[in-house]
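Chain and residue survey
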Amino acid sequence: MEGNKIGGQATTEESLLAQGYRKYTGKDIDIYYNKDICAHVGNCVRGNGAVFEVGRKPWILPDNGDAADDARVINTCPTGALKFVRKDQ
Ligand code: SF4
């Protein structure tokens, strides 16, 4: 799924928070996660376990990866539970 779009529209912080996503702030990219949508498939954790680590608090640390790779991993999330807003483009 495209991690920077919902229903074809570019994601914004405002729209994501309104839809129940929680924000994980990074330097170049903010990552948003909606636990109600997550199917626990684990693509995120397998994609980069330094950024996505279940059981850690916070479980998402965007700056443990670079923004382009974070976006790549988020795009492998099959449910749309992960979204991002790039701040470096
Ligand atoms: S890839 Fe998406 S659906 Fe799968 S565990 Fe991660 S956030 Fe949840």
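See the structure printed just above.
Below is a short write-up of the structure. In this convention, every chain numbers its residues from 1, walking through the sequence in written order. Totals for whole chains, interfaces and linings use every residue, but because this is a predicted model, local features are given only for residues with pLDDT of at least 70 and side-chain atom pairs only at 80 or more, for both listing and counting. Neither water nor hydrogens contribute to the side-chain values; these are computed over all heavy atoms in the structure.

We define the nonpolar core as a collection of buried residues of types Ala, Val, Leu, Ile, Met, Phe, Trp, Tyr and Cys that are connected through side-chain atoms lying within 4.5 Å of one another. Note on classification: 1.4 Å probe, protein chains only; a residue is buried when its accessible area is under 20% of the maximum for its type, exposed when over 50%, partly exposed between these limits. One finds Ile-31, Tyr-33, Phe-52, Trp-59, Ile-60 and Leu-82 to be the most contacted residues of the largest nonpolar core, which totals 18 residues. The leading source of residues in this core is helix H3 (residues 67-74), at four residues. Apart from residues lying up to four places away in sequence, Tyr-33 is in contact with Gly-20, Tyr-21, Arg-22, Tyr-24, Cys-38, His-40, Trp-59, Ile-60, Ala-81 and Leu-82. Runs of E in the DSSP output that reach at least two residues are strands. Runs of H or I that reach at least four are helices, and both are numbered from the N terminus. Here, two residues are considered to be in contact whenever any of their heavy atoms come within 4.5 Å of each other.

Once that is clear, we can look at unusual backbone geometry. The linkage connecting Lys-57 with the following residue, Pro-58, adopts the cis geometry, with an omega of -5 degrees. Within the secondary structure, Pro-58 sits in the loop between helix H2 (43-47) and H3. A positive phi is found at His-40, a non-glycine position, where the angle reads about 55 degrees.

Here the focus is the sheet that holds strand E3 (residues 22-24). Within a beta sheet, neighbouring strands are joined by backbone hydrogen bonds and run either parallel or antiparallel to one another. Pairing between strands is defined by DSSP: at least two bridges between them are needed. Across the sheet, three strands lie side by side as E3-E4-E5; this open sheet has antiparallel pairing. At either margin of the open sheet sits one strand with a lone partner, and together these are E3 and strand E5 (82-86). In this sheet, neighbouring strand axes are inclined to one another by 25 degrees on average, regardless of whether the strands run parallel or antiparallel. Relative to strand E4 (residues 29-33), E3 runs antiparallel, the two being bridged by three bridges. By the bridge assignment for E4, Lys-23 is matched with Tyr-32. Simply put, an axis is a line fit to the C-alpha atoms, just over the touching stretch for a helix, and the angle between two N-to-C directions goes from 0 to 180 degrees.

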